[in-house]
Amino acid sequence: MKTGRISTAEAACTDALPGAAPCGPVSHAVSRVARLHRIAAGKLLKGLGLYPGQELLMMHLWDVGPVRQAELIKTLDLDPSTVTKMLQRLEQTGHVRRRPDPDDRRAVLVEATDESCALHTAVRDAWDSLEEQTLAGLESDERGELTRLLAKVEANLCHETEGCPGQG
């Protein structure tokens, strides 16, 4: 018996706009793409023993060196409890270490461990695969145009977002 409804699987793969978003085709597309991108990243990172977002934390530490945990929370723009949980997991796997800040014993410094060097290469390779998967079928000029347009969209959203990391 047909109910006139589509299955959950069909709904997930349709381009149809939800009834509450008739004037938001771009916002709906961005939401779908972001969700699928995170799922694809999650599959690649799972093989490295990471959850999505942990690689961004590690990238920051590899790029800037030891930072205060409070600065990491601000940079990642995540809830303190989320960052704490991420750090606990990364500590358990030997990728980061936390220690008191010698300049302020109340503060905690977070740093990548020497053991995380192998992870650095694996994360770079995973992001390379993700980039190719994401942009498959796009010509070089289309990739450049997409990057340019996404930067404009990001600037628009950042302009309207208080405390946006991109704002000076």
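These figures come from a predicted structure and were not determined experimentally.

Visitor: So what exactly am I meant to see when it comes to the side chain of Gln69 here?
Guide: Relative to the helices and strands, Gln69 resides in helix α4 (residues 69-76). With residues up to four places along the chain from it excluded, the contact list for Gln69 reads Thr84, Leu87, Arg98, Val108 and Val110.

Visitor: Any chance you could explain the pairing of strand β2 (residues 96-101) here in plain terms?
Guide: Taken residue by residue, a regular strand's side chains alternate between the two faces of the sheet. Inspection of the sheet shows β2 paired to strand β3 (residues 104-112) by six bridges, in the antiparallel sense. If you follow Arg97 over to β3, its bridge partner there is Glu111. In textbook terms, the turn of a hairpin is the stretch between consecutive antiparallel strands, and for β2 and β3 this stretch comprises two residues.

Visitor: Can you walk me through the confidence of the model for the chain in this structure?
Guide: Detailed conclusions should not be drawn from predicted coordinates in areas where pLDDT is low. On average, residues of the chain score 87 in pLDDT, and 85% of them are at 70 or above. At the level of individual helices and strands, the chain shows its lowest average pLDDT in helix α1 (residues 8-12), which scores 54, and its highest in helix α3 (residues 54-64), which scores 96.

Visitor: What should I look at first to understand the environment of Leu130 in this one?
Guide: For Leu130, the location among the structural elements is in helix α6 (residues 117-135). When the C-alpha positions of Leu130 and Ala41 are compared, they lie 6.5 Å apart, and in sequence the two are 89 residues distant. Ignoring any residue separated from it by four or fewer positions in sequence, one finds Leu130 in contact with His37, Ala40, Ala41 and Leu44.

Visitor: How should I be thinking about helix α5 (residues 80-92) in this particular structure?
Guide: Think of an α-helix as 3.6 residues a turn; residues three or four steps apart then line up on the same face. If you check α5, its first and last C-alpha atoms are 18 Å apart, about what 13 residues at 1.5 Å a residue would give, namely 18 Å. Restricting attention to buried positions, one finds in α5 the residues Val83, Met86, Leu87 and Leu90. Across the axial projection of α5, the buried residues extend over an arc of 100°, all falling on one side. As for α5, its buried residues are in contact with α3, α4, β2 and β3. Just downstream of α5, Gly94 is the residue with a positive phi angle, here 80°.

Visitor: How do you make sense of the packing of helix α2 (residues 25-46) against α6 when you look at a structure like this?
Guide: A pair of packed helices is captured by two measures, namely the crossing angle of their axes and the spacing between those axes. Closest axis-to-axis distance for the α2/α6 pair is 10 Å, and the angle between their directions is 145°. α2 and α6 meet at a crossing whose hand is right-handed. Facing His37, Ala40, Ala41 and Leu44 of α2, the residues of α6 in contact are Ala126, Ser129, Leu130, Gln133 and Thr134. A breakdown of the residues in the contact of α2 with α6 according to their chemical character gives five nonpolar, four polar and no charged.

Visitor: Any chance you could explain the nonpolar core here in plain terms?
Guide: In globular proteins that are soluble, nonpolar side chains generally tend to be buried together. Counting residues in each nonpolar core, the largest one holds 20 residues, and the members touching the most others are Leu57, Met58, Leu61, Leu72, Leu87 and Val96. For this core, the secondary-structure elements that each account for two or more residues are α2, α3, α4, α5 and α6. A total of four residues in this core trace back to one element, the largest contributor, which is α5. Those residues in contact with Val96 that lie beyond four places of it in its chain are Met58, Leu61, Leu87, Leu90, Glu91, Val110, Glu111, Ala112 and Thr113.

Visitor: Would you take a moment to explain the packing of aromatic side chains for this structure?
Guide: Geometrically, a pair of aromatic rings is defined through the distance of the ring centres and the angle of the planes. Across all of its chains, the model carries zero aromatic pairs by this definition. Positioned above the aromatic ring of Tyr51, the side-chain terminus of Arg89 is 4.4 Å from the ring centre.

Visitor: Just to check I follow, could you spell out the sheet that holds β3 for this structure?
Guide: Whether parallel or antiparallel, the strands of a sheet pair through hydrogen bonds between backbone atoms. Within the open sheet, the three strands sit side by side as β1-β3-β2. Their pairing is antiparallel. The sheet is open, and its two borders are formed by β1 (67-68) and β2, each paired with just one other strand. Contacts from α5 reach β2 and β3 within the one sheet, and its direction differs from that of β2 by about 115°.

Rules used in this analysis
- Residues numbered from 1 in each chain as written.
- Predicted model: local features only at pLDDT ≥ 70, side-chain atom pairs only at ≥ 80, totals over all residues.
- Heavy atoms only, no water.
- Helix = DSSP H or I, 4+ residues; strand = E, 2+ residues; numbered from the N terminus.
- Contact = heavy atoms within 4.5 Å.
- Pairing = 2+ DSSP bridges.
- pLDDT = per-residue confidence, 0-100.
- Expected span 1.5 Å × (residues − 1).
- Buried < 20%, exposed > 50% of the residue type's maximum accessible area, 1.4 Å probe, protein only.
- Arc of directions from axis to C-beta.
- Axes fitted to C-alpha atoms, helices over the stretch in contact; angles between N-to-C directions.
- Left-handed = near helix turned anticlockwise from the far one by under 90°.
- Nonpolar A, V, L, I, M, F, W, Y, C, P; charged D, E, K, R; others polar.
- Core = buried A, V, L, I, M, F, W, Y, C linked by side-chain atoms within 4.5 Å.
- Phe/Tyr/Trp six-rings, centres within 6.5 Å; stacked < 30°, edge-to-face > 60°.
- Lys NZ or Arg CZ within 6 Å of the ring centre and 35° of its normal.

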